[in-house]
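Each chain, written out:
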Amino acid sequence: ILYGYSTTGDQHTFAKVMDDVRIVRANGNNVMVIKQDRSAWSFGTNANGTQGIGVSPSGSMDPIYPHQIADQVKEVFPMGYIAFFLKENGTLWASGTNNYGQMGMASPTRSLSFIQIAENVTYMSAHNYNRHIVILQNEKYRMSGRNAFKELQQSTIQKFTSFFDFEMP
């Protein structure tokens, strides 16, 4: 059982949100859940389209209550202004901002719906402030995103907008 806040006037209390929860990940104002049946759910604000509901966030960024985003999900990664999920079939999906190239593609700069960004992925990690992403794809580490402080590669390139092979030192 997952519990969250319920607001009544100026009172904040815990309230049941959903049953059969297997994994919960939260970051910023975004929460992602995998239930026992491997369905993935998301809720929180829709900042930059992180909820993947296909619409721009409202001015008040009203919370979107739990809604299903996918089936057969292995892992979820809410990362503030972008959200990822990895399906059991190895496909990686993302919704939200892409201004640093962290989706591994030059465009779009933002996606309001979840789009597939890679396949044959067995592992994924992202920087907390959405600047870059590391994936294990076809048994090779690959990276994309911001490189302003040479965190991905010793290069003058400020951002990588497609996945590139990375060799561990």
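Undergrad: Give me the pairing of strand S7 (residues 73-78): which residues, what numbers.
TA: Of all six residues in S7, five are buried, a share of seventy percent or more. Pairing analysis gives five bridges linking S7 to strand S8 (residues 82-87), with the strands arranged antiparallel. Bridging across to S8, valine 76 finds its partner in phenylalanine 85. Following S7, the chain reverses through three residues before pairing antiparallel with S8; glycine 80 in that reversal takes a positive phi of roughly 80°.

Undergrad: Before we move on, could you go through the nonpolar core and cite the residues and values that matter?
TA: Judged by nonpolar contacts, the single largest core of 16 residues is most densely connected at Phe84, Leu92, Ile117, Met124, Ile133 and Ile135. Mapped by element, the contributors of at least two residues to this core are S8, strand S9 (92-97), strand S10 (110-118), strand S11 (121-126) and strand S12 (132-137). Every residue in contact with leucine 92, bar those within four places of it in the chain, is listed here: Phe84, Phe85, Leu86, Ile115, Gln116, Ile117, Ala118, Val121, Met124, Ile133 and Ile135. In this structure, Ile23, Ile34, Val73 and Val76 belong to the second largest nonpolar core, which totals 11 residues.

Undergrad: Lay out the environment of phenylalanine 149 in plain terms, naming residues and giving numbers.
TA: Looking at where phenylalanine 149 falls in the secondary structure, it is placed in the loop between strand S13 (140-146) and strand S14 (159-165). Under the relative-accessibility criterion, phenylalanine 149 is labelled exposed at 65%. Taking C-alpha positions, phenylalanine 149 is 10.0 Å from lysine 159, a pair spaced 10 residues apart along the chain.

Undergrad: Describe the pattern of salt bridges, and please don't skip the residues or the numbers.
TA: Enumeration over the complete set of coordinates arrives at four salt bridges. Ionic pairing is found between arginine 25 and glutamate 75, a salt bridge with its closest N-O pair at 3.0 Å. In this pair, arginine 25 sits in strand S3 (residues 21-27) while glutamate 75 sits in strand S7, placing the two residues 50 residues apart along the sequence. Overall, the relative accessible area of 17% leaves glutamate 75 in the buried class. Its salt-bridge partner being aspartate 165, residue arginine 142 comes within 2.8 Å of it at the nearest N-O pair. Separated by 23 residues along the polypeptide, arginine 142 in strand S13 and aspartate 165 in strand S14 bring together distant segments of the chain. You can call aspartate 165 partly exposed: its relative accessible area is 40%.

Undergrad: Talk me through the sheet that holds S12; I want residue IDs and the actual numbers.
TA: The strand order across the open sheet built from four strands is S11-S12-S13-S14, with neighbouring strands paired in antiparallel fashion. Only two strands of the sheet have a single neighbouring strand rather than two, namely S11 and S14. Strand-to-strand twist of the sheet, defined as the mean angle between neighbouring strand axes without regard to direction, takes the value 10°. By the bridge criterion, four bridges tie S13 to S14 in an arrangement that is antiparallel. In the sheet register, arginine 142 faces S14, and the bridge partner there is aspartate 165.

Undergrad: I'd like a rundown of unusual backbone geometry, residues and numbers included.
TA: The phi dihedral of glutamine 72 falls on the positive side, at around 55°, and the residue is not glycine. Within the secondary structure, glutamine 72 is located in the loop between strand S6 (64-70) and S7. Given a relative accessible area of 43%, glutamine 72 falls into the partly exposed group. Within the chain, glutamate 139 stands out as a residue other than glycine whose phi angle is a positive 65°. Inspection of the secondary structure assignment puts glutamate 139 in the loop between S12 and S13. You can call glutamate 139 exposed: its relative accessible area is 77%.

Rules behind the numbers
Residues numbered from 1 in each chain as written. Predicted model: local features only at pLDDT ≥ 70, side-chain atom pairs only at ≥ 80, totals over all residues. Heavy atoms only, no water. Buried < 20%, exposed > 50% of the residue type's maximum accessible area, 1.4 Å probe, protein only. Helix = DSSP H or I, 4+ residues; strand = E, 2+ residues; numbered from the N terminus. Pairing = 2+ DSSP bridges. Core = buried A, V, L, I, M, F, W, Y, C linked by side-chain atoms within 4.5 Å. Contact = heavy atoms within 4.5 Å. Salt bridge = Lys/Arg side-chain N within 4 Å of Asp/Glu carboxyl O. Axes fitted to C-alpha atoms, helices over the stretch in contact; angles between N-to-C directions.

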